[in-house]
Amino acid sequence: MSRFAIIGFGCAGYNALRAIRESGSEAEVDVYSTFPHPPVNPMLTTYYVKGKIPYEAMFPYGTAEEILAKYPCNLHSGVGITALDAARRELTLTTGEKKQYDKILIATGANAVNLPVGDIPADRIFTMRTVHDAERLKEALDQRPIHSALVVGASMVGIKIIELLLERGIHAIFSDLAPHIFPTAAYEAVSERIEEYLTGKGVELHFGAKTEEAHLEDGTGVIAMSDGTTVRADIVVMCVGTRADIRWIAQDQLKMNRAIVVDPMMQTSAEGIYAAGDCCEGCDLMLGDTRNIGLYASAYVQGETAGRNMVGIPTRCEGNILHNITHFMEIDFVSFGDKNLPGDRRVLLDRDGQYIEITEQNGHLVCINMLNCYALSGVVKNCILHYFNRHMQPLNREEEGVLAKSGLPNELIQILGGMAE
Ligand SMILES: Cc1cc2nc3c(=O)[nH]c(=O)nc-3n(C[C@H](O)[C@H](O)[C@H](O)COP(=O)(O)OP(=O)(O)OC[C@H]3O[C@@H](n4cnc5c(N)ncnc54)[C@H](O)[C@@H]3O)c2cc1C
C-alpha cells in the first residue's frame, strides 16, 4: 500500500486529503499539523475577534472527528516536521523520529511577519493569522482597557483590524512605510479616496513613515515615527505581510524562491514531492512566471490538484492572478492584476463615489481597480478570472452580453472582449 504524508492541515492540506479519499485511494495517509485544532479559515479570524461569528465557525470543515469519519487518515495533531530529505522522501518529526514516504505534500502555509517595536513589551504586540492570534487579540480587547491601537501595515488584513477597532470605539492609528494604503494593489487615486474616507471616520494615518524609538509611559506605548510625529497606543497590531513557512527546509533540497516553486501538477523540483497553498509559488497567469499568490481559493484548488496527482490522476492547475476583493466599512474595493506593470493607464469611471481605473498593455487588461462598484464586482470578477484563466482569450458573446447589462463602461467591455486589438 502507498504511504503518503501531508504536512500542514489548512485549506490546502485538507483539500488534498479530500481529493485523495474522493478518488477512492486507500493509501495510508499521515497528516502532520503543528496546530492542535482542525483546519481553520484564516480569513474568518477577524470576524471572530469582532464577535460576528462564534469560535467554531472559524473551522469550515468541521471538527477533527467529523473530518476523520469522512476522510480517514492518521492525524498527528501537534506534531510538526523539522527537516526534509528530498532524495529519500524522508521527514524528520518534532518527536525526532524519521519517516519515509512514497509521496509527500508540503502545505505549511505562511506565517505573519512580526517585527519588534522599540521597547514595547511583546504582550502588547499582536499579529493576525492563526486561531491563537485571534484568541490573543480578542482576549486583550475584551479584557484590557484599550483606548488606542496602532496598526502597522496598510494591508487587506490591516484594514480589517482598523474596522474592528472602530466598531469597538477604540482610537485607530494606521501606519505604513509606503506612502499610501494598499501599496501593492491600489492606484494612487484609489488609495487617496480610501484614505480620505478613513480620515473622515477618525482614523489617524501615518503613511510613508515607520516606527522608530518606542517605550512605555504610564502604561501606554509612546512611539516615535520617522515622519517626526509621536503616537500613543496601548497595543500594536502588526499586519506587515506573511512569509511562506518553509524555513525548516534546507535550501539544497527543493527549488525555492520566496516560496516552493511548483509546476502545474503542483510537483516541486523533487519527484514525488508536491507543494500547495501559501507555501508555494504556482504560475501567475499574467506574469507567465511563478509567484506566491496567497489566496484561499488558490490553496483550495492547489491542494485538490496535488491530492489527485499523488494518487496518479493527472490534473493541472494552470495558475492564478493577483487579486483582492474586499469589503470594509462602507467601501467595496476590487483589484485584479499588478498595478506596477507598464501600459496605458486610464480612468474609465469616476461618478458618485464609483471609480474604475485600468492599465492596458497591447490591448490586454493587466490591472484594474474598482471602487464602490458593488453591483459590478461579482460579474466583473467572474469575467476577469475567465479571461485570465484562458490566457487572456477574449470573452464570448454571452459574457459580453452579461457585462453590457451590468452597466460596466463600454470601453472595458471592449477590452475584455478583445475588440481593442
Ligand atoms: C486575516 C486574514 C484575512 C484573509 N483574507 C483573505 C481573503 O479575503 N481572500 C483570500 O483569498 N485569502 C485571504 N486570506 C489568505 C488565506 O486565508 C490563505 O491564503 C489560505 O488560508 C492559505 O491556506 P494554506 O492551507 O496554504 O495555509 P494555512 O491555512 O496557513 O495552513 C498551514 C498549516 O500548516 C501547519 N504547519 C506549518 N508548518 C508546519 C510544519 N513544519 N509541520 C507541520 N505543520 C505545519 C500550520 O499549523 C497550519 O495549520 C486571509 C488571511 C488572513 C490571515
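Whatever comes next refers back to the structure up there.
Residues numbered from 1 in each chain as written. Predicted model: local features only at pLDDT ≥ 70, side-chain atom pairs only at ≥ 80, totals over all residues. Heavy atoms only, no water.

A. Layout of the sheet that holds strand β18 (residues 260-261). Taken in spatial order, the 3 strands make up an open sheet running β18-β20-β21, and their pairing is mixed. Looking at the sheet topology across the chains shown, the edges are occupied by β18 and β21 (289-291). Relative to β21, strand β20 (residues 280-284) is paired through 3 bridges, and the arrangement is antiparallel. When the sheet's bridge partners are listed, Asp284 is paired in β21 with Asp289. (Pairing = 2+ DSSP bridges. Helix = DSSP H or I, 4+ residues; strand = E, 2+ residues; numbered from the N terminus.)

B. Expanded view of the site of the ligand. In the region of the ligand, 30 residues are neighbours, and Ala12, Thr34, Arg129, Asp278 and Tyr296 sit closest. In the environment of the ligand, an oxygen atom lies 2.9 Å from a nitrogen or oxygen atom belonging to the backbone of Ala12. When the free accessible area of the ligand is taken as 1000 Å², the share hidden by the protein chains comes to 86%. Elements with a minimum of two residues in the shell around the ligand: α1 (11-22), β2 (28-33) and α7 (296-310). Shared between two domains, the shell around the ligand holds at least three residues of each, these being domain 1 (3-109 + 243-310) and domain 2 (114-238). (Near = heavy atom within 4 Å. Polar contact = N/O pair within 3.5 Å; in protein donor to acceptor, adjacent residues only side chain to side chain. Areas by Shrake-Rupley, 256 points an atom, 1.4 Å probe, with all protein chains shown as cover. Domains from an automatic or database assignment.)

C. Quick peek at the pattern of salt bridges. Enumeration over the complete set of coordinates arrives at 22 salt bridges. Notably, a salt bridge pairs Glu163 with Lys50, separated by 3.3 Å at the nearest N-O pair. Within this pair, whereas Glu163 is found in helix α5 (residues 156-167), its partner Lys50 is found in helix α2 (residues 45-50), the two being separated by 113 residues in sequence. Across the pair, exposure class does not vary: Glu163 and Lys50 are buried alike. Here Lys52 and Glu167 are joined by a salt bridge, their closest N and O atoms 3.2 Å apart. Of this pair, Lys52 sits in the loop between α2 and α3 (64-70) while Glu167 sits in helix α5, and the two are 115 residues apart along the sequence. Take Lys52: its relative accessible area is 52%, and that puts it in the exposed class. Take Glu167: its relative accessible area is 45%, and that puts it in the partly exposed class. One continuous salt-bridge network, built from bridges that share partners, spans Lys50, Lys52, Glu163 and Glu167. (Salt bridge = Lys/Arg side-chain N within 4 Å of Asp/Glu carboxyl O. Buried < 20%, exposed > 50% of the residue type's maximum accessible area, 1.4 Å probe, protein only.)

D. Fine view of the packing of aromatic side chains. The final tally for this structure, using the stated rule, is 8 aromatic pairs. Aromatic pair Phe182 and Phe333: ring centres 5.3 Å apart, planes at 15°, arrangement stacked. Of the two residues, Phe182 sits in the loop between β11 (171-176) and α6 (188-200) while Phe333 sits in strand β23 (residues 331-337), which places them 151 residues apart along the sequence. A relative accessible area of 2% places Phe182 in the buried class. You can call Phe333 buried: its relative accessible area is 0%. Here the aromatic cluster, defined as three or more aromatic residues joined through ring pairs, consists of Phe9, Tyr14, Tyr61 and Tyr71. The aromatic ring of Phe126 is capped on one face by Arg136, whose charged end is 4.3 Å from the ring centroid. Between Lys138 and the ring centre of Tyr48, over which it is positioned, the NZ or CZ distance is 5.5 Å. (Phe/Tyr/Trp six-rings, centres within 6.5 Å; stacked < 30°, edge-to-face > 60°. Lys NZ or Arg CZ within 6 Å of the ring centre and 35° of its normal.)

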